[in-house]
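# Fold and geometry: a report
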Amino acid sequence: MPSVKVPGPYAGNLALSRHSAKPGEMTDVRHDWSRDEARALHDLPLTDLLFRAQEVHRVTQPRDAVQLCSLLSIKTGACQEDCSYCPQSSKYDTGVEAERLMDVQDVLSKAREAKAAGASRFCMGAAWRSPKKGSRQFQQVLDMVRGVRELGLEACATLGMLDEEQTQELKDAGLTAYNHNLDTSEEYYGEIITTRTYRDRLETIGRVAAAGISVCAGGIIGMGESVDDRVAMLVTLANLTPQPESVPVNALVAVPGTPLSDQAPVDSLELVRMCATARIMMPNARVRLSAGRASLSRESQLLCFMAGANSIFFGDKLLTTGNPDHDSDLALLREAGLRPLEPEQATASDAAE
Ligand code: SAM
Ligand code: DTB
Ligand code: SF4
């Protein structure tokens with residue numbers, strides 16, 4: 001048993017939160033998590049952890065809905081960064097073919113397909129350290145964002161580090177959310193990436209939040225990090241003000257050619273623990289069960305949903321690697337009695353019933 005007292009963060013105020021300004025949203029979110037407290041929570045007997053995660057989930061989130069977010073690599077490969085997990089880094093020979101930035105109309109046609117399949121959010125990823133200042137490519141990305149919004153979808157982008165001006169331009173184009181992951185703890189970060197710092201990452205996240213764009217920030221497990229590193233990453237995320245609107249929990253996809261190609265697969269229950277701990281520490285966030293689902297059983301995915309995951313990447317490709325196809329995901333949701341979150345419901349103010 002953990003030596004630290006397990007926090008009971010919301011036991012006393014679950015009922016209170018029903019009277020918050022936005023129905024279902026918890027207003028008294030904690031930003032003072034300690035690593036010991038978070039670790040004690042993470043290490044609870046699994047059934048207790050799941051129970052507590054469900055207690056939070058049912059107050060802050062629609063209990064039966066999963067957000068479907070489709071992902072498209074709009075600019076692939078030849079990235080100058082050295083992220084050890086990434087098949088798109090030019091430093092590693094992974095067989096990923098570099099592709100130029102896609103045409104705006106081709107991206108929008110993929111977004112239309114995603115919407116028709118049931119997605120409510122469309123996320124565009126570019127293998128850049130950061131977008132080039134004042135470049136034609138960045139203007140094209142802004143056109144993509146405007147086009148995706150005009151389709152009635154939430155628009156998300158992940159383009160690397162942003163400066164203030166770029167962030168504001170994305171905001172003005174209507175960007176809903178920006179994905180920028182911390183990936184791991186500050187201490188372990190240097191083992192994984194040397195071409196930028198944890199502080200760089202946090203600074204971009206800060207700019208995104210300051211511009212009024214929702215922050216999507218999470219990380220990866222299975223890179224050789226310790227459980228303390230995982231928990232430390234959750235503490236950093238939860239202690240951000242505001243907390244991220246969405247938190248991707250990725251299991252490493254070990255791609256041949258990357259330095260992490262030989263990592264052992266993540267045990268699915270470790271993923272369940274991460275989802276549940278994230279749900280409890282970040283009660284209003286969408287917890288997104290992200291990379292690695294292709295190797296998860298249906299039962300493991302359902303346990304992650306019980307643990308509080310309520311968003312997935314939807315479509316048979318992530319950026320360069322595989323993901324379950326539309327039909328199998330829709331069947332899984334149907335058989336579990338879950339429903340895709342409708343685009344018009346996909347706002348931060350969704351009410352729990
Ligand atoms: N270049 C931009 C950046 O790094 O922010 C955007 C794209 S990058 C591929 C987005 C995120 O995908 C990374 O931060 C990482 O968390 C995740 N990712 C990349 N490769 C992965 C892999 N092999 N397994 C799991 N997650 C991965
Ligand atoms: C995130 O956290 N995971 C997604 C998205 N944000 C951009 C990316 C996963 C990439 C997995 C490896 C690949 O397909 O290249
Ligand atoms: Fe480049 Fe992003 Fe991959 Fe890192 S994660 S190598 S920045 S595409």
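First, a word on scope: everything that follows refers to the structure included in this document. (Residues numbered from 1 in each chain as written. Chains lettered and ligands numbered in written order. Predicted model: local features only at pLDDT ≥ 70, side-chain atom pairs only at ≥ 80, totals over all residues. Heavy atoms only, no water.)

Turning next to the pattern of salt bridges. Scanning the model with the defined rule gives 19 salt bridges in all. Residue E225 is joined to R230 by a salt bridge in which the shortest nitrogen-to-oxygen separation is 2.8 Å. Across this residue pair, the class does not change: E225 and R230 are buried. With its nearest N and O atoms 2.5 Å apart, the salt bridge here joins E335 to R298. With E335 in helix α12 (residues 326–336) and R298 in helix α11 (residues 298–306), the pair connects residues that are 37 residues apart, well separated along the chain. Given a relative accessible area of 39%, R298 falls into the partly exposed group. In the salt-bridge network here, residues are joined through shared partners; they are R121, E154, E245 and R286. (Salt bridge = Lys/Arg side-chain N within 4 Å of Asp/Glu carboxyl O. Buried < 20%, exposed > 50% of the residue type's maximum accessible area, 1.4 Å probe, protein only. Helix = DSSP H or I, 4+ residues; strand = E, 2+ residues; numbered from the N terminus.)

What follows is about the site of ligand 1. Y85, N181, D183, R201 and V253 are the nearest of the 16 residues found near ligand 1. Between Y85 and ligand 1, the recorded distance is 3.0 Å, taken from a backbone N or O atom to a nitrogen atom. In the environment of ligand 1, an oxygen atom lies 2.6 Å from a nitrogen or oxygen atom belonging to the side chain of D183. Considered on its own, ligand 1 offers 550 Å² of accessible surface; in the complex 90% of this is hidden by protein. Of the residues contributing to the shell around ligand 1, the split by class is 9 nonpolar, 5 polar and 2 charged. (Near = heavy atom within 4 Å. Polar contact = N/O pair within 3.5 Å; in protein donor to acceptor, adjacent residues only side chain to side chain. Areas by Shrake-Rupley, 256 points an atom, 1.4 Å probe, with all protein chains shown as cover. Nonpolar A, V, L, I, M, F, W, Y, C, P; charged D, E, K, R; others polar.)

Our focus in this paragraph is the pairing of strand β2 (residues 121–126). Within β2, 6 of the 6 residues are buried, which leaves it mostly tucked inside the rest of the structure. Going residue by residue along β2, you find R121, C123 and G125 tucked away on one face and F122, M124 and A126 tucked away on the opposite face as well. As paired elements, strand β1 (residues 65–75) and β2 share 6 bridges and run parallel to each other. Residue pairing for β2: S70 is matched across the bridge by F122. Crossover β1 to β2 through helix α4 (residues 104–117) is right-handed. Direction of pairing for β2 relative to strand β3 (residues 154–158): parallel, over a ladder of 5 bridges. Bridge assignment links M124 to a residue of β3, and that residue is A157. (Pairing = 2+ DSSP bridges. Right-handed = clockwise from strand over helix to strand, strands pointing away.)

Take the site of ligand 2 next. Around ligand 2, a shell composed of L71, P87, T158, N179, N181, P248, N250, F313, L318, L319, T320 and T321 is seen. A distance of 3.1 Å is found between a nitrogen atom of ligand 2 and a side-chain nitrogen or oxygen belonging to N179. At a separation of 2.8 Å, an oxygen atom of ligand 2 approaches a polar side-chain atom of N181. Grouping the constituent residues of the shell around ligand 2 by class yields 6 nonpolar, 6 polar and no charged.

Right, let's get into the side chain of R30. Inspection of the secondary structure puts R30 in the loop between α1 (14–17) and α2 (35–42). Residue R30 is classed as buried on the basis of its relative accessible area, which comes to 17%. Side chain to side chain, R30 and D32 meet in a polar contact 2.8 Å long.

Another aspect to go through is the packing of aromatic side chains. Throughout the structure, instances matching the rule amount to 1 aromatic pair. Ring geometry for Y189 against Y198: centres 5.2 Å apart, planes inclined by 75 degrees, an arrangement best described as edge-to-face. Side by side, Y189 and Y198 carry an identical accessibility label, which is buried. Taking NZ or CZ as reference, R30 lies 4.1 Å from the ring centre of W33, over its face. (Phe/Tyr/Trp six-rings, centres within 6.5 Å; stacked < 30°, edge-to-face > 60°. Lys NZ or Arg CZ within 6 Å of the ring centre and 35° of its normal.)

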